[in-house]
Amino acid sequence: MGFARTRSVTLLGVDGVVVEVQADLEPGVTTFTLVGLPDKTLVESKERVRAALVNSGEEWPQRRLTVGLSPATVPKTGSGFDLPIAAAVLAAAGVLDPRAIEDLVMVGELGLDGRLRPVRGVLPAVMAAAAAGCGRVVVPAVVACEAELVPGITVCGVTSLRHLLALLRGEPVPVEERAVADIGLGPDPLAVVGTLAAGPAPAGAQPADLADVAGQGRARRALEVCAAGGHHLFLLGSPGAGKTMLAERLPGILPALDGPASLEVSAVHSIAGTLRPDLPLVTVPPFCAPHHSATMPAIVGGGNGLPRPGAVSLAHRGVLFLDESPEFSGRVLDALRQPLESGTVTVARSGGMLCFPARFLLVMAANPCPCGRFSGRGLDCTCSVLMRHKYLSRLSGPLMDRIDVRVTVDAVSRAELFAPEGTGERSEVVAARVLAARERAARRLAGTGWAVNAEVPGRELRTRWRIEPDALDRAARDMERGLLTARGLDRVLRVAWTVADLRGHERPGRDDVDAALELRTGIVRGDSAGDDGPAR
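Model, not experiment: these values are computed from the prediction.

Rules of the game
- Residues numbered from 1 in each chain as written.
- Predicted model: local features only at pLDDT ≥ 70, side-chain atom pairs only at ≥ 80, totals over all residues.
- Heavy atoms only, no water.
- Phe/Tyr/Trp six-rings, centres within 6.5 Å; stacked < 30°, edge-to-face > 60°.
- Helix = DSSP H or I, 4+ residues; strand = E, 2+ residues; numbered from the N terminus.
- Buried < 20%, exposed > 50% of the residue type's maximum accessible area, 1.4 Å probe, protein only.
- Core = buried A, V, L, I, M, F, W, Y, C linked by side-chain atoms within 4.5 Å.
- Contact = heavy atoms within 4.5 Å.
- Expected span 1.5 Å × (residues − 1).
- Arc of directions from axis to C-beta.
- Polar contact = N/O pair within 3.5 Å; in protein donor to acceptor, adjacent residues only side chain to side chain.

**Section: the packing of aromatic side chains**
Turning to step 1, where the next piece is worked out: All chains considered together, the criterion is met by three aromatic pairs.
Turning to step 2, where the next piece is worked out: Centroid distance Phe32 to Trp60: 5.5 Å. Interplanar angle 40 degrees. Geometry classified as tilted. With Phe32 in strand β3 (residues 31-35) and Trp60 in the loop between α2 (45-55) and β4 (64-70), this pair connects stretches of sequence that are 28 residues apart. The residues Phe32 and Trp60 share a single accessibility class, namely buried.

What follows is the structure, encoded as structure tokens:
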């Protein structure tokens with residue numbers, strides 16, 4: 001008779017739950033029973049663990065084996081339970097000291113040869129372990145840097161089951177493991193593998209520069225306003241005008257992610273399996289551009305069993321770009337309305353209901369008609385008025401009402417295309433103005449829980465932060481004429497505050513509101529924008 005326990009973590013969305021892995025050996029017919037709401041992948045771990053133990057030179061106990069995962073009411077998913085199950089079985093059989101594994105949290109998939117393979121979600125799993133007060137975790141060596149991003153916890157990276165057993169027994173590391181094991185374990189075999197500060201190491205290439213865009217002064221200024229206030233953007237223009245180039249350069253003018261935001265974004269990408277092992281911390285706002293044929297689960301999250309994050313969550317704290325937006329499914333586009341308002345997306349499936357973070361900056365691009373040539377005087381367009389109306393009406397009114405800034409991107413002229421190098425501002429110059437505007441807004445919003453103007457409720461804008469008395473005259477007239485909804489007026493107010501922050505104004509005046517109204521409707525009102533536009 002033998003009993004042993006250790007711990008692991010199961011993920012429910014981006015949240016983790018520490019699970020106690022118990023192994024009990026009793027006399028009787030040799031069986032292996034796994035209980036505690038395991039999924040299909042976890043059920044298959046019985047065969048992986050058995051083969052890994054035998055191929056690592058250990059004997060499989062010839063007794064009745066029961067492995068329990070507690071709490072039993074929480075669904076358990078994934079192959080990350082392989083390593084703790086194997087350790088608990090060996091400790092119950094007397095091969096290991098049960099006290100050596102009681103305080104450990106283990107995550108990792110075992111190959112049939114005993115090698116340890118990485119799994120998705122190591123970062124949020126270690127974050128959950130740290131939040132639960134656990135002090136030491138064992139993870140695959142290739143993702144040890146990802147685990148070390150969590151402060152206050154000791155990380156041990158191992159390459160195989162034999163490697164872990166040697167460390168726990170105080171024996172020399174096997175020869176074939178030494179190359180990987182020689183990474184600074186220190187005198188304590190379960191010591192921190194290394195220290196990785198949450199520095200500015202991006203998980204991917206640096207964003208392209210805004211100076212590459214020829215012309216498009218109005219669209220560039222709209223991009224700056226959206227980056228400063230976190231506003232959503234709609235770009236309408238013919239093919240080749242530069243809509244995609246503009247959208248791709250938006251992350252380059254957004255402020256870098258701070259420590260908590262970096263961990264939050266990195267955790268989502270860890271679950272999705274998109275983190276680079278050598279650069280596990282995302283410090284640059286992500287950019288996600290799904291194809292217009294993407295399904296609902298691919299955009300908002302889902303899948304069989306417990307849901308997984310979709311594009312809206314992968315773009316969390318960054319940019320979600322929908323090129324050719326009228327080509328997307330209407331159901332998919334309308335599903336964006338919830339995360340646009342709340343900053344989260346709730347997905348319900350047979351395996352459970354999960355909530356994922358989804359506070360992104362949405363950029364939608366569209367051609368003016370199916371053929372794409374209805375721009376300027378539209379002389380080359382072959383589409384009828386009905387075809388053009390039907391094409392753009394695929395973007396529903398409730399969705400478009402949530403878009404703060406709408407800009408028409410005209411075709412680039414020959415003079416703009418062949419302008420001397422250095423005509424357009426570089427991303428770093430624009431980013432400096434964006435950062436200054438965000439800092440000005442942050443001081444105003446300190447203590448409210450809101451970070452940017454786009455997050456402030458309309459009621460607060462109308463009551464707490466007053467603007468100049470006559471600043472809303474034109475916007476109010478547009479609302480009376482039915483050109484603006486109540487939500488639209490609130491969004492004009494939000495953009496007006498952003499324009500004021502970029503211009504260094506204490507509060508929005510008539511020119512700031514008129515500039516915001518122009519960005520909302522596309523109608524130029526007098527000299528509200530001027531030659532330099534709303535961002536200057």
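**Focus on the nonpolar core**
Turning to step 1, where the next piece is worked out: Leu233, Leu235, Leu246, Leu250, Ile253, Val363 and Val405 are the most contacted members of the largest nonpolar core, which totals 50 residues.
Turning to step 2, where the next piece is worked out: Among all residues touching Leu250, those that are not within four sequence positions of it are Leu223, Ala227, Val319, Leu361 and Val363.
Turning to step 3, where the next piece is worked out: Formed by 40 residues, the second largest nonpolar core is a distinct cluster that contains Val21, Ala52, Leu65 and Ala91.

**Quick notes on helix α19 (residues 427-444)**
Turning to step 1, where the next piece is worked out: When the terminal C-alpha atoms of α19 are compared, their 26 Å separation across 18 residues agrees well with the 26 Å that a helix rising 1.5 Å per residue should span.
Turning to step 2, where the next piece is worked out: Along α19, the positions that sit buried rather than exposed are Ser427, Val430, Ala431, Val434, Ala437, Ala441 and Arg444. One face of α19 carries all of its buried residues, which in axial projection span an arc of 135 degrees. In this structure, α19 carries Glu428 and Arg443 as exposed residues pointing more than 90 degrees from its buried face.

**Here we look at helix α11 (residues 259-272)**
Turning to step 1, where the next piece is worked out: Across its 14 residues, α11 extends 20 Å between first and last C-alpha, which sits within 8% of the 20 Å expected from 1.5 Å per residue.
Turning to step 2, where the next piece is worked out: Most of α11 is tucked away, with eleven of its 14 residues classed as buried.
Turning to step 3, where the next piece is worked out: Those residues of α11 not exposed but buried are Ala261, Ser262, Leu263, Val265, Ser266, Ala267, Val268, His269, Ser270, Ile271 and Ala272.
Turning to step 4, where the next piece is worked out: Where α11 is buried, its residues touch β1 (2-12), α5 (122-131), α6 (144-147), α13 (311-314) and β14 (352-357).
Turning to step 5, where the next piece is worked out: One side-chain oxygen at the N-terminal end of α11 lies 3.0 Å from the backbone nitrogen of Ala261; it belongs to Asp258.
Turning to step 6, where the next piece is worked out: Looking at the residues trailing α11, positive phi occurs at Gly273, about 75 degrees.

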